[in-house]
Structure formats: structure tokens, C-alpha cells
Amino acid sequence: MGNRLIVSNIGLLATPLGCRAASGAAQGQISMRSHAYLVAEDGVITAVGNGRVPESLMQGARHIDAGGNLVTPGLVDAHTHLGFGGWREHELAMKRRGVPYLDILAQGGGILSTVRMTRDASQKALTEKAGQALEAMLHLGVTTCEAKSGYGLDRQTELKQLAVIRELGRTQPVELVATYLGAHALPEEYKNRRADYIRLLTEEMLPLIAREGLAEFCDVFCETGVFTAAEAEQILRTALAHGLKAKIHTDEIDAIGGTELAGMLPAVSAEHLIAATDRGILALAQGGTVAVLLPATSFYLGKPYARARDMIAAGVPVSVASDYNPGSCPSLNLQLVMNLACWNYGMSPEEVLTAVTLNAAAAICLADRLGSLEVGKQADLVIWDAPNLDYIFYRFGQNLAKTVIKQGRIAAGALPHQPETLA
Ligand code: NIG
Ligand code: FE
């Protein structure tokens, strides 16, 4: 017999179903099973049932009693800037005075100041810092996380950031997916040499990253004063030609064509989308591109909230993610993000659950293996300190994840019952 795990006495098992992003009405369809149990062998779900666990399955299994609580899939954070040096609390007063984000960047602050701190940090220091962030995420229920580079912008530091992601992917429980975001800003040393920087990305960095398998996705910050839609297209097409998949930061502040580009390529996901137009939303729907919305960034920058309801109505699959980074969202709390999405996007708890599980998994091309609790999927799950799904949107502001299981193993938190089964 393999390594069997049984989670019994689940008060409510709430999960989306399927191996693809859910859009439209399907985004709000959650399977709700009361008095359930779940069985996993070697980290993969082999049975989901109701009532008492059959005695024959209990033999030799590790057993967790969920204590009548809510169980959902492990949360997937599909958009983070995980590894960076330093912090930027010195920008707080400027932000409170209303100095626009892009003005801070244009003055050599913002992203560029984190670039300086990330270049100065050792790989060891970056690994330690990102590792602590992942531990905090895990305790909040996050079992998979996308992680972008983009605070090096030179060859050496981008590779250092990607090496940090790779190392952490091997040494701690949260599964990581790496995205190369060399086109996050124009580095200071290329200030008057845009074309040269784009050549560095397309002719040197992307082929190297693809060859070495250092990232699965390529992302571009397509925004006024950063990269144009034409530049984003050139970079992302090169990435696709090298076998990477495309993501794009777009319509965060101005709609300059990046969202239409995302739908046309199509990119796997388009992210931020605060200023998305009807045309942009239509393009996403046509391209089957996942909209990764970042409500904590709207909250922290005092910006409007993206048009989640219009996107869902148009058939765009919506995910929500943290955008954890030192500038526009210094919080990694995906539970807070879920609350913000519920209250500020007008998404139902069911739609938000899909957004942080199945659709988030689809935004990183892992929906065939992650994002729902059903036979054949990986046993990544959260036992909540909550009796039902509404409760985690109701008791906002504290960590309600009780026990976090990654690939059939307890990765964080206390056992609700039977502490002797921890081994
Ligand atoms: O997704 N918008 C671009 N990049 C990040 C912010 C990076 C920073 O301010 O350091 C974002 O919000
Ligand atoms: Fe971002």
C-alpha cells in the first residue's frame, strides 16, 4: 500500500470541479458536500465520499479528523513578486499625499529603488527573506504560488532572483511557478537606450532562460511610461517562440492596448486590469485569457477596483491574487484579498473560492493537477477554522486557516484532533 492519508469528519467540503478555468455562471458553481471524507494515496486524491470512512480504507492510513470544519482546496496565489531586497515604507508619506505611482517611478524611486536593493542583496539573504514570506503564506492556506523576477533587470540579478525561486521550490512546501519579468521597468543604465534593453531581453535573456528552464512564463509591465503594447508584443512573441508562456501586467493605470494584445496572442493571463475597457474585456473572453485581478493593490494605492462583474458577465474566467510586492501591495495575505474581492468586486464567496483555487491554477497552467478536490487531483487542501464558506468572508481580518495540507502531508498548522497522527 502507498502512503495513504484520510481526512474524515469534514463538515463541509467546498470545491469547484474540473480541470479548466470556470467562467460565467460556472465561476460561482461550487460543489458543497456535507459530512464528507477524502482519501489520498501518495499525495493524489483517490476517493471523496460521504459519512463514515470505510474500515477497509482506515487500515494503516494516516488519519486527520477535520473536526466538522470546512475544507477547501489549497489556495493558489497566481501573482506575486516574491523575491526582492529591502522595503519601501519611506514611500508611505508620498503615497498618502497622493503622489502618483508612476511619478515615483519616473523619479527613480518605486520599482527602481527595489532594483537597487535587490542587486545589493546576496542570494542567501533573498532566499531567507522570500522563504519567510512563503512560510507566512503557507500558514494562511496558500499551497502554490507564482513568483516573478523583475527586480534585477540586469542579467546577473534576474538570474539570482530566478535561482532563489528555484531553490525555494525545492526546499519548502509551497509549490512555486517562476515568471521572468525582465520587462518590469527600463533600468537606469539603459535610460536612453530602450532598444538596447529590449534586445538584451529578446536576444540574450529569453533564450538563456528558456534553455536553462529557469521560468515557465514571461511577463511584461505594459503601461504608460513603462513598456508600450508594441514592445510588449515583441517581447512576448519572442518568449512564445522560445517555449515560454505569456502573462502581462496591463491596464493597471491606463488602457494602452495590452489587454487586447493579451486576448490576441493569447496570453494565459492578463493581470491588474483596473482600467480595462469593454473592448479589452471582449478580447480576453475571445482569447480564453484568465483575468488575474489584484484587489489589495487597488486598496493600497487608493485606486478603483477592476470590473470583475463585467468580466464574469462577458465570460472571462476571473482569478484574484495578492500581487505581493514592496511597492503597490506589501501584503501577502490572500485571505484579505478574498475578503476585498467579495466586498469590492461584488463577487460571491463561491466565485471568489473559484478565483483563488481552480482559476488561479488555470492562470499558471496547472488546473489539470491543482485547484479542486476530486479524484485524480493533488491532495492540497485547507482545513478551516470555520463551519462553512460564508464564514471565512464574514470573520475577516484574522487567519482562519487551521491546518494546511500539501501533497497529502501536513505542511502547516495544528491538527484539529488526534495529535498522535502528526507523524
Ligand atoms: O504589479 N505594476 C507593476 N509592478 C508591481 C509593483 C512593483 C513595485 O511597485 O515594486 C505591481 O503592482
Ligand atoms: Fe504585479
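Up top is the structure.
Described in the following lines is the structure provided in the data block. (Residues numbered from 1 in each chain as written. Chains lettered and ligands numbered in written order. Predicted model: local features only at pLDDT ≥ 70, side-chain atom pairs only at ≥ 80, totals over all residues. Heavy atoms only, no water.)

## Remarks on the overall build of the protein chain
Helix and strand counts for the protein chain come out as 16 helices and 16 strands. A compact globule built from 423 residues should have a C-alpha radius of gyration of about 22 Å, and the protein chain, at 21 Å, falls within 12% of that. For the protein chain, the spread of C-alpha atoms along the principal axes amounts to about 70 × 45 × 45 Å. Residues classed as buried in the protein chain amount to 60% of the 423 residues present. Total accessible area on the protein chain stands at roughly 15,700 Å², and carbon and sulfur atoms take up 51% of it. (Helix = DSSP H or I, 4+ residues; strand = E, 2+ residues; numbered from the N terminus. Rg over C-alpha atoms; globule rule 2.2 N^0.38 Å. Buried < 20%, exposed > 50% of the residue type's maximum accessible area, 1.4 Å probe, protein only. Areas by Shrake-Rupley, 256 points an atom, 1.4 Å probe, with all protein chains shown as cover.)

## Thoughts on the nonpolar core
Ranked by internal contacts, the top residues of the largest apolar core, which has 106 residues, are Leu293, Met311 and Met347. In terms of residue count, the dominant contributor to this core is helix H7 (residues 194-212) (seven residues). Contacts of Met347, omitting those with residues within four sequence positions, involve Gln27, Ala308, Arg309, Ile312, Val318, Val320, Ala341, Cys342, Val352 and Ala355. In terms of nonpolar packing, the next biggest core, distinct from the first, is built from 19 residues, Ala321, Leu358, Ala360 and Leu366 among them. (Core = buried A, V, L, I, M, F, W, Y, C linked by side-chain atoms within 4.5 Å. Contact = heavy atoms within 4.5 Å.)

## Observations regarding the sheet that holds strand S7 (residues 142-148)
Ordered in space as S6-S7-S8-S9-S10-S11-S12-S13, the eight strands form an open sheet in which the pairing is parallel. Because the sheet does not close on itself, it has two edges, and the strands there are strand S6 (75-77) and strand S13 (318-320). Neighbour to neighbour, the strand axes of the sheet diverge by 25° on average, direction disregarded. Where strand S8 (residues 175-183) and strand S9 (residues 217-222) come together, three bridges link them in parallel fashion. Within S9, the residue paired with Thr179 across the bridge is Phe217. (Pairing = 2+ DSSP bridges. Axes fitted to C-alpha atoms, helices over the stretch in contact; angles between N-to-C directions.)

## A word on the coordination of the iron ion (ligand 2)
Coordination angles at a metal have ideal targets, namely 109.5 degrees for four tetrahedral donors and 90 or 180 degrees for six octahedral donors. The coordination sphere of the iron ion (ligand 2) contains the protein donors His79 (NE2), His81 (NE2), His249 (NE2) and Asp323 (OD), at a distance range of 2.1 to 2.3 Å. Each donor residue of the iron ion (ligand 2) lies on one chain, and together they are spaced H-x1-H-x167-H-x73-D. Pair noted here: His81 is in the loop between S6 and helix H2 (92-97) and Asp323 is in the loop between S13 and helix H13 (334-344), with a separation of 242 residues, a long-range link. With respect to class, His81 is no different from Asp323; both count as buried. (Donors = N, O, S within 2.8 Å, 3.2 Å for Na, K, Ca; no water.)

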